[in-house]
Each structure stands twice: as C-alpha cells, then as structure tokens.
Amino acid sequence: LLDKIVRVWHITSPSAILNKLHEEINVLLKQKDEEFSSGMDAVVVALEKQEKYTKITFAGAKNSLYYFDNHTQILSEVKGTRKSIGGIQNEKIKFENRIVNLISGSFLYIGSDGVVDQNNKQRKSFTKKRLINLLKQIVHLPSSEQQARIEQTLDEYMEGTTQRDDILWIGTKV
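Residues numbered from 1 in each chain as written. Predicted model: local features only at pLDDT ≥ 70, side-chain atom pairs only at ≥ 80, totals over all residues. Heavy atoms only, no water.

**Student:** Describe in detail the overall build of the protein chain, supporting the description with residues and values.
**Tutor:** Counting its secondary structure elements, the protein chain contains 5 helices and 7 strands. Across the protein chain, helices and strands are ordered from the amino to the carboxyl terminus as α-α-β-β-β-β-β-β-α-α-α-β. Principal-axis analysis of the C-alpha atoms gives the protein chain an extent of 50 × 45 × 25 Å. Scored against the burial criterion, the 174 residues of the protein chain give a buried share of 40%. Relative to all contacts within the protein chain whose residues are 6 or more apart in sequence, the contacts with residues 24 or more apart total 63%. Roughly 10,600 Å² of accessible area belongs to the protein chain as shown, and the carbon and sulfur atoms make up 49% of that amount. Averaged over its 25 positive side-chain charges, the protein chain has a centre that lies 5 Å from the centre of its 22 negative ones. (Helix = DSSP H or I, 4+ residues; strand = E, 2+ residues; numbered from the N terminus. Buried < 20%, exposed > 50% of the residue type's maximum accessible area, 1.4 Å probe, protein only. Contact = heavy atoms within 4.5 Å. Areas by Shrake-Rupley, 256 points an atom, 1.4 Å probe, with all protein chains shown as cover. Lys, Arg positive; Asp, Glu negative; His and termini not counted. Charge placed at Lys NZ, Arg CZ, Asp CG, Glu CD.)

**Student:** Requested: an account of the side chain of S112, with residues and values cited.
**Tutor:** Mapped onto the elements of the fold, S112 is located in the loop between β6 (107-111) and α3 (114-117). When its relative accessible area of 15% is taken as the criterion, S112 is described as buried. At a separation of 3.2 Å, a polar atom in the side chain of S112 contacts the main-chain amide nitrogen of G114. Setting aside anything within four residues of it in sequence, one finds S112 in contact with N63, D166, I167, L168 and W169. (Polar contact = N/O pair within 3.5 Å; in protein donor to acceptor, adjacent residues only side chain to side chain.)

**Student:** So, the sheet that holds strand β4 (residues 74-78): which residues are in play, and what are the values?
**Tutor:** Pairing within the open sheet is antiparallel, and its 4 strands lie in the order β4-β3-β6-β7. Each edge of the open sheet carries a strand with a single partner, namely β4 and β7 (169-173). Direction aside, the axes of adjacent strands within the sheet are offset by 15° on average. Examined bridge by bridge, β6 and β7 share 5 bridges and lie antiparallel to one another. Across the sheet, residue L108 finds its bridge partner in β7, namely T172. Against the sheet, helix α4 (residues 128-138) contacts β3 (65-69), β4, β6 and β7, and its axis sits at roughly 145° relative to β4. (Pairing = 2+ DSSP bridges. Axes fitted to C-alpha atoms, helices over the stretch in contact; angles between N-to-C directions.)

**Student:** If you had to explain the layout of surface pockets to someone new, which residues and values would you point to?
**Tutor:** By volume, the largest pocket amounts to about 360 Å³. Lining the largest pocket are 17 residues, and of these K62, N63, S64, E77 and K128 sit closest to its centre. Residues belonging to the lining of the largest pocket are distributed by class as follows: 4 nonpolar, 6 polar and 7 charged. Reported here for the second largest pocket is a volume of approximately 250 Å³. Looking at the second largest pocket, the residues that line it are F107, Y109, S143, Q146, Q147, I150, E151, L154, I167, W169, I170 and G171. At the level of elements, β6, α5 (143-157) and β7 are the ones that each hand at least two residues to the lining of the second largest pocket. Sort the elements by how many residues they give to the lining of the second largest pocket and α5 lands first, with 6 residues. (1 Å grid on protein atoms, 1.4 Å probe; cavity = no way out; pocket = protein on both sides within 12 Å on 5 of 7 lines; lining within 4 Å. Points joined across faces, edges and corners; volume = space filled by probe spheres on them. Nonpolar A, V, L, I, M, F, W, Y, C, P; charged D, E, K, R; others polar.)

Below, the structure written as structure tokens:
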C-alpha cells in the first residue's frame, strides 16, 4: 500500500500518506464491516535539504519523533497524532504534519514503541522517560556507539525476560 500511495498516486506529504494508508487498510481488511478496534502505529518523515538547514516534515500515528538540535543542544520530542492506522478510529481526527528545521550535525530519532514497552523481571516497562534520558546521555557519541549503548541498556533491563514486542529504532545525523 505504501508503494502504491507514493509511487502510483504520487502522495508525498507524510500526513497525507498516513491518512490514505488508514483509509486503504480499512478497505483492504474490511475493517469497517467488523468491530476491529486495533490498529498499527507508524511514522513517516520527509527530509528536505535547504541551504542552511534540513526541513523535517513528520507525521506519526501514535509514535513520536525525537531530535537533538545541534544549535540549542536540546533533545526534544514531537508527538504524533493520537490515532492508529486501520481499525475503528475517530474519523474526525486526521494525521497532521509537524515541521522541524535542523542545522547540520543535529540528530533525528524515530521508531516503534517496542523499546519503551519492553519489560524487566518485575514486568515494569522500560518507559519513555528512561528512553529520553538514555538518548540525552548518548547523543554526542558516534552512531555505532549509540546503537551499542541502546542495545546494551535494553539487554541489561530485560535480563531474565523475553522480548515481548517488535523493536525498530532509527537514528540519523542531518
């Protein structure tokens, strides 16, 4: 569906992609006819290199975008829309674009909720707060070291348990 939305229908706005994907998932899976309340989370990002900065256009289905602004030296969160893709959702709520302009050397993070949802032995989630604190600690490291620290921290937290959710996490320097 994503390929069709972008390549065939030429929809490139992140929010429009998510809105169309939601409609098409409901049609394809016949979710309007059923009482199917579950949906999936997603993130779409468009990066546009400008002369002095990179324009990031972000839309999220329940997931956020995190970024470290190399100018202000602050890690910030841009929240996604509180709506999933597919399933029975509030149709009055539409996905919206959020725009962030970042100078060269800034860092961008997106991913699934799999990191924050992982449990430890006491069945306590890793939490968004713990993830944000970890990102603040590692943002100045090279990408490969950031990845290693995230994996190590999560492995230590989950010691003695099994992974309960998918984990997809992407970090990139702009």
